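Letter by letter, the chains look like this.
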Amino acid sequence: MRIRRTVTAAATTAAAAALGLAGAAPAQAAEYSSALKIKGVQYDAPGRDSNKCSGGNTKNEYLTIKNYSKTATVNLKGYKVKDAAGNSFTFTKNHTLQPGDQVSLRGGRGTDSDAGNVAYRQNCNFIWNNDKDTIYFYKPGGARADVHSYTKKANDRDGNGYITYHG
C-alpha cells in the first residue's frame, strides 16, 4: 500500500478551506461547468506495486478523462491533474478530445497518442494512493473542472482498484 504522507485533521481542514471546499473533502464532485470530467480511476494497479520504469506496473494505474460535450472539441493542453498530497501532472502537449471521446492518463513512460486515446505522465512513480485520495482536475485558467475523493472501503466495493464517477 502506498501512503506518501500523513496529514493531520487540522491540515486537511486548512487545505480544504484554501481550495474553497468548506467542510470536509468532497465525497463526490459538485457539478462544475466543464465539458471534461473524470470518468474513472484505476487507483490501484493490478498486481504487486512496482514503480520501476522497466518492468514496473505504474502504466496500469490511470485516470480516464472524458469529453461529455455533444458538440465541442476540447484540447487538453494546459489542463492539470493533482492529488491530495500535491503531486500533479499538467498536459503540456496538444491532445484533442472530440465529443464523447476520452483519454487514459497513465503512469510510466510511453508515447502519447490521440488515435490510441492515451497520454503518459512520463513518471514511473504512482500518483494515487491505494487506500484513499482526492483527485483534482483543473482547467488551463485554474478553475476547477472536477474533483472526487475516494476510499477503498467506501467506493471500491468489488475490490478491483477501479472506481467509476461519471458514466
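None of the values given here were measured: they were computed from a predicted structure.

### What about the sheet that holds strand β7 (residues 102-106)?
Pairing between the strands of a sheet is mediated by backbone hydrogen bonds and can be parallel or antiparallel. Strand order in the open sheet made by the 5 strands is β8-β7-β2-β1-β11, with mixed pairing throughout. The open sheet terminates on both sides in strands that have one partner only, identified here as β8 (118-120) and β11 (162-164). Going from strand to strand, the sheet's axes swing by 25° on average, the running direction of each strand aside. Of the pairings in the sheet, the one linking strand β2 (residues 62-67) to β7 comprises 5 bridges and is antiparallel in character. Note on β7: the bridge partner recorded for I65 is V103.

### Focus on the environment of Q98
Inspection of the secondary structure puts Q98 in the loop between β6 (96-97) and β7. Residue Q98 is classed as partly exposed on the basis of its relative accessible area of 41%. Discounting chain neighbours no more than four positions away, the residues touching Q98 are N67, A72 and T73. A distance of 3.0 Å separates a polar atom in the side chain of Q98 from a polar atom in the side chain of T73.

### Digging into the side chain of S69
With respect to the secondary-structure elements, S69 resides in the loop between β2 and β3 (74-75). Among the polar contacts listed, one links the side chain of S69 to the backbone nitrogen of T71, at a separation of 3.0 Å. Looking at S69, its side chain comes within polar contact range of the main-chain nitrogen of A72, at 2.7 Å. Apart from the residues lying within four places of it in its own chain, the contact partners of S69 are A35, P99 and G100.

### Considering the state of the cysteines
If you walk through the whole model with that rule in mind, you get 1 disulfide. Each sulfur of the disulfide joining C53 and C124 lies 2.1 Å from the other. The sign of the 120° torsion about the S-S bond sets the C53-C124 disulfide as right-handed. Separated by 71 residues along the polypeptide, C53 in the loop between β1 (36-42) and β2 and C124 in the loop between β8 and β9 (132-138) bring together distant segments of the chain. On the basis of relative accessible area, C124 is assigned to the buried category, the value being 6%.

### Some remarks on the packing of aromatic side chains
In this structure the tally under the stated criterion is 5 aromatic pairs. Look at Y62 and Y162: their rings are 6.1 Å apart centre to centre, the planes differ by 40°, and that puts the pair in the tilted class. Here Y62 is found in strand β2, whereas its partner Y162 is found in strand β11, with 100 residues between them in sequence. Y62 gets classed as buried once you look at its relative accessible area, which sits at 17%.

### Topic: the confidence of the model for the protein
It should be kept in mind that the predicted coordinates are not to be read in detail where pLDDT is low. Mean pLDDT over the protein works out to 84, with 81% of the residues at or above the 70 mark. Considering only residues more than four positions removed or in separate chains, one finds that residues 1-29, a stretch of pLDDT under 50, has 43 contacts.

### Digging into the pattern of salt bridges
Within this structure, the stated rule accounts for 1 salt bridge. The shortest N-O distance in the salt bridge between K152 and D44 comes to 3.9 Å. Residue K152 is found in helix α2 (residues 152-155), and its partner D44 is found in the loop between β1 and β2; the two are separated by 108 residues along the sequence.

### Here we look at the pairing of strand β10 (residues 144-151)
Here β10 lies mainly inside the structure; 7 of its 8 residues are buried. Taken together, the 7 bridges between β9 and β10 define a ladder with antiparallel strand orientation. What sits directly across from T134, in β10, is S149. From the end of β9 to the start of β10, which pair antiparallel, there are 5 residues, and G142 there has a positive phi angle of about 105°.

Parameters at a glance
Residues numbered from 1 in each chain as written. Predicted model: local features only at pLDDT ≥ 70, side-chain atom pairs only at ≥ 80, totals over all residues. Heavy atoms only, no water. Pairing = 2+ DSSP bridges. Helix = DSSP H or I, 4+ residues; strand = E, 2+ residues; numbered from the N terminus. Axes fitted to C-alpha atoms, helices over the stretch in contact; angles between N-to-C directions. Buried < 20%, exposed > 50% of the residue type's maximum accessible area, 1.4 Å probe, protein only. Contact = heavy atoms within 4.5 Å. Polar contact = N/O pair within 3.5 Å; in protein donor to acceptor, adjacent residues only side chain to side chain. Disulfide = S-S within 2.5 Å. Phe/Tyr/Trp six-rings, centres within 6.5 Å; stacked < 30°, edge-to-face > 60°. pLDDT = per-residue confidence, 0-100. Salt bridge = Lys/Arg side-chain N within 4 Å of Asp/Glu carboxyl O.

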